[in-house]
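In case you want the letters, here they are:
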Amino acid sequence: MDARPKTIYLPDTMVNWPWPRTINPHYEDVKAEVDASFRDFKALSPISQEAFDKCDLALLTALLYPKAPREHFRVGCDLMNLYFIFDEYTDFKNEALTKEMADIVFDALHNPHKKRPEDECVLGEIARQFWARAIQSANLSSQRHFLETFPVYLCAVVDEALDRGQDHRRSLDDYLKLRRKTIGVQPSFLILLMGINLPDEVFNHPDMLSYNEEQANGNDAHNIISTIMFDLGLDVSGAMAWAAHYHTEVQKRFIDGLAKVPSWGPSVDALVKEYLDKIALLARGNHSWSYETQRYFATMGPEIQKTRLVPLLPRLDRKAM
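Report follows, based on the coordinates. (Residues numbered from 1 in each chain as written. Predicted model: local features only at pLDDT ≥ 70, side-chain atom pairs only at ≥ 80, totals over all residues. Heavy atoms only, no water.)

**Re the nonpolar core**
Argument step 1. Counting residues in each nonpolar core, the largest one holds 73 residues, and the members touching the most others are I85, F86, F130, F150, L190 and Y275.
Argument step 2. Of the residues forming this core, the biggest block, 11 residues, is contributed by helix α4 (residues 70-90).
Argument step 3. Residues contacting F86, with those up to four places away along its chain left out, are T98, M101, A102, V105, L123, Y153, L154 and V157. (Core = buried A, V, L, I, M, F, W, Y, C linked by side-chain atoms within 4.5 Å. Buried < 20%, exposed > 50% of the residue type's maximum accessible area, 1.4 Å probe, protein only. Helix = DSSP H or I, 4+ residues; strand = E, 2+ residues; numbered from the N terminus. Contact = heavy atoms within 4.5 Å.)

Structure, rendered in structure tokens:
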């Protein structure tokens, strides 16, 4: 008999986050455009396509980047689709196959105007078309930052495949280090930076880099429960409470740090404030989407957001499979 609780309480980790939910005004028309474009790749089986549609990644993009102009928002949609399809294709692959696919994506990003081989995995063409569109409106500094950070994400997914193949469970600290990379936060700043010309000395300042780190920390708490249980010996409720406390500490560091950001002069300071505000909206957008999409809670997201109670799914009987 399964002695686990029938429901679990989901702490509201964003209840005190000062930035409210905001959605990009271009959501509806860009969603129709980008969804039709993605289907043209024929990259998914009917079942996987149905799952993709329920995710509504255009909604995620609209919530992550509510202030992005239309073209930047469209590029953001393409980036979210690239994340999804790369995850879909590599999710159960071994290290070698995952690295092969990562190399295809890497090559496509560095050769956006080169025709992809006809017998190549469709990931190459999806990545090529994304980057060919992005470089039409992204400033050079945002392009450079993306090409520096996206390979880190690709390599981290390969490391994750290695762990999976070896049935290796990381400690909590090691898991967080990897998760900060596999979640793809750093490359996602591309959309924030496309229209902001932050000087390199500002972007690479230790205080600015810490904001990137805090953002990455804050976005992974909802995915580490089993790791907390394994590493700290807690049950589900205890792990949820630990993650909520961890999330609160990260939020506090982020908000307290706003008063400590250095000054580079009025014009640059205005750009820094805009950039940090967009980072904060990124965190709110991810949280809001988690309840509005059908990816995690099917159609129960709005109800769970109110009650905070999540029905615990029964464990699969693997002996019967």
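**Thoughts on empty space enclosed by the protein**
It is a probe the size of a water molecule, rolled over the atoms, that shows where empty space is left.
Argument step 1. According to the stated counting rule, one finds one cavity of 30 Å³ or more in the structure shown.
Argument step 2. By volume, the largest cavity amounts to about 40 Å³.
Argument step 3. When grouped by side-chain class, the residues that make up the lining of the largest cavity number three nonpolar, no polar and four charged. (1 Å grid on protein atoms, 1.4 Å probe; cavity = no way out; pocket = protein on both sides within 12 Å on 5 of 7 lines; lining within 4 Å. Points joined across faces, edges and corners; volume = space filled by probe spheres on them. Nonpolar A, V, L, I, M, F, W, Y, C, P; charged D, E, K, R; others polar.)

**Looking at the environment of E71**
Argument step 1. Position of E71 relative to the elements: it lies in helix α4.
Argument step 2. In sequence terms E71 and V30 are 41 residues apart; their C-alpha atoms lie 9.2 Å from each other.
Argument step 3. The residues touching E71, leaving out its near neighbours within four places in the chain, are R133 and S137.

**Re the packing of helix α7 (residues 140-165) against helix α9 (residues 185-193)**
Any two packed helices are characterised by the angle at which their axes cross and by the distance between the axes.
Argument step 1. Contact geometry for α7 and α9: axes closest at 7 Å, N-to-C directions at 160 degrees. Overall, the two elements α7 and α9 adopt an arrangement that is roughly antiparallel. In this structure, α7 crosses over α9, and the sense of that crossing is left-handed. Contact residues: α7 offers S142, Q143, H145, F146, T149, F150 and Y153, while α9 offers Q186, P187, L190 and L193. (Axes fitted to C-alpha atoms, helices over the stretch in contact; angles between N-to-C directions. Parallel < 35°, antiparallel > 145°, perpendicular 65-115°, else oblique. Left-handed = near helix turned anticlockwise from the far one by under 90°.)

**Looking at helix α1 (residues 27-39)**
Three- or four-residue spacings in an α-helix give side chains the same orientation, since the helix completes a turn every 3.6 residues.
Argument step 1. In this model α1 runs 18 Å from its N-terminal to its C-terminal C-alpha over 13 residues, within 8% of the 18 Å that 1.5 Å per residue would give.
Argument step 2. Of all the positions in α1, only Y27, V30, K31, V34, D35 and F38 are classed as buried. Axial view of α1: buried residues confined to an arc of 125 degrees, hence all on one face. Opposite the packed face of α1, turned more than 90 degrees from it, sit the exposed residues E28 and A32.
Argument step 3. Along its buried surface, α1 packs onto α2 (46-55), α3 (57-64), α4 and α6 (123-134). (Expected span 1.5 Å × (residues − 1). Arc of directions from axis to C-beta.)

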